[in-house]
Structure formats: structure tokens, C-alpha cells
Amino acid sequence: MSLINSGFSFGLFFWQLLNIAILGLWVFCLYDVSTNKFNNNLKTAFVLLVLFVPFFGSLWYLLNGRKHKIS
């Protein structure tokens, strides 16, 4: 039986992979924020940003927020 006749949808498969990747990014960012120290009260701000705006908050944290970690 071929994939075309079996009801397999490449679009749905791609969409599910994308959602799993976004979920993994979200979990990674929450873990990274919770296990590191930040200047002032930025930890609270980053947790709220990542929780309430999952995709864009996670991207913003990865691109800009990681610079504020205390070594």
C-alpha cells in the first residue's frame, strides 16, 4: 500500500513536528530560567514572559535574555 492511499498527510506530520519542537524550546527555556541567577528581579520577568507568551517569549529569552545571567 502506498503512502498516498494510506491517509498519511505530510502537512499534518510537519505541523506535529513543529509543535513538538516549540514545546521542547518552551520547556528548555523554563528550565534554563529556573536554574540560573539573574540581575535584579529579571528571573521573575523572564519566567512570566516565557509562560504567558510561549513561542515569542522563548525566542526573546534565547536571543536577549541569556546575556543577563550572573556567572
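The structure we're discussing is the one just above.
So, how was this worked out
- Residue positions are given per chain, counted from 1 along the sequence in the order it is written.
- Owing to the predicted nature of the model, reporting of local features is limited to residues with pLDDT of at least 70; listing and counting of side-chain atom pairs is limited to 80 or more, with chain, interface and lining totals taken over all residues.
- Hydrogens are left out, water is left out, and the side-chain values use all remaining heavy atoms of the structure.
- Secondary structure elements follow DSSP: runs of H or I of four or more residues count as helices, runs of E of two or more count as strands, with numbering from the N terminus.
- Atoms considered for the radius of gyration are the C-alpha atoms alone. The globule rule reads 2.2 Å times the number of residues to the power 0.38.
- Relative accessibility decides the category of a residue: with a 1.4 Å probe and only protein chains considered, values under 20% of the type maximum give buried, values over 50% give exposed, and everything between is partly exposed.
- Residue contacts follow a heavy-atom distance rule, with two residues in contact if any of their heavy atoms lie within 4.5 Å.
- Here the open area of atoms and residues is found with the Shrake-Rupley method and a 1.4 Å probe, where only the protein chains shown may cover a residue.
- Nonpolar core, defined: a set of buried Ala, Val, Leu, Ile, Met, Phe, Trp, Tyr and Cys residues in which side-chain atoms within 4.5 Å join the residues together.
- We define a salt bridge as a side-chain nitrogen of Lys or Arg found within 4 Å of a carboxyl oxygen belonging to Asp or Glu.

J.: How should I be thinking about the overall build of the protein in this particular structure?
T.: Helix and strand content of the protein: three helices and zero strands. Ordered by position from N to C terminus, the α and β elements of the protein give α-α-α. Relative to a compact globule of 71 residues, whose C-alpha radius of gyration would be 11 Å, the protein shows 17 Å and is clearly more extended. The principal-axis extents of the C-alpha atoms in the protein amount to approximately 60 × 20 × 15 Å. Out of the 71 residues in the protein, the part that is buried amounts to 17%. In the protein, the proportion of contacts linking residues at least 24 apart, taken out of those at least 6 apart, comes to 57%. Per element, the accessible surface of the protein, about 5,500 Å² overall, is 70% carbon and sulfur.

J.: So what exactly am I meant to see when it comes to the nonpolar core here?
T.: One recurring pattern in soluble globular proteins is that nonpolar side chains are buried together. Core analysis: the largest hydrophobic core is formed by eight residues, namely L25, C29, L30, V33, F38, F46, V50 and Y61. Elements supplying a minimum of two residues to this core: α1 (10–35) and α2 (42–52). By residue number, the principal contributor to this core is α1, which donates four residues. Beyond its immediate sequence surroundings of up to four residues, F46 is in contact with V33, F38, W60, Y61, G65 and H68.

J.: When you look at the pattern of salt bridges in this model, what are you seeing that I'm missing?
T.: Working definition: two side chains of opposite charge can pair if their charged atoms are close together. Evaluated as defined, the whole model comprises two salt bridges. We note a salt bridge from R66 to D32, for which the minimum N-O separation is 3.4 Å. You can see R66 sitting in the segment after α3 (54–63) and its partner D32 sitting in helix α1, a full 34 residues away along the chain. Taking relative accessible area as the criterion, R66 reaches 36% and is therefore assigned partly exposed. Residue classification places D32 among the buried positions, given a relative accessible area of 8%. One continuous salt-bridge network, built from bridges that share partners, spans D32, R66 and K69.

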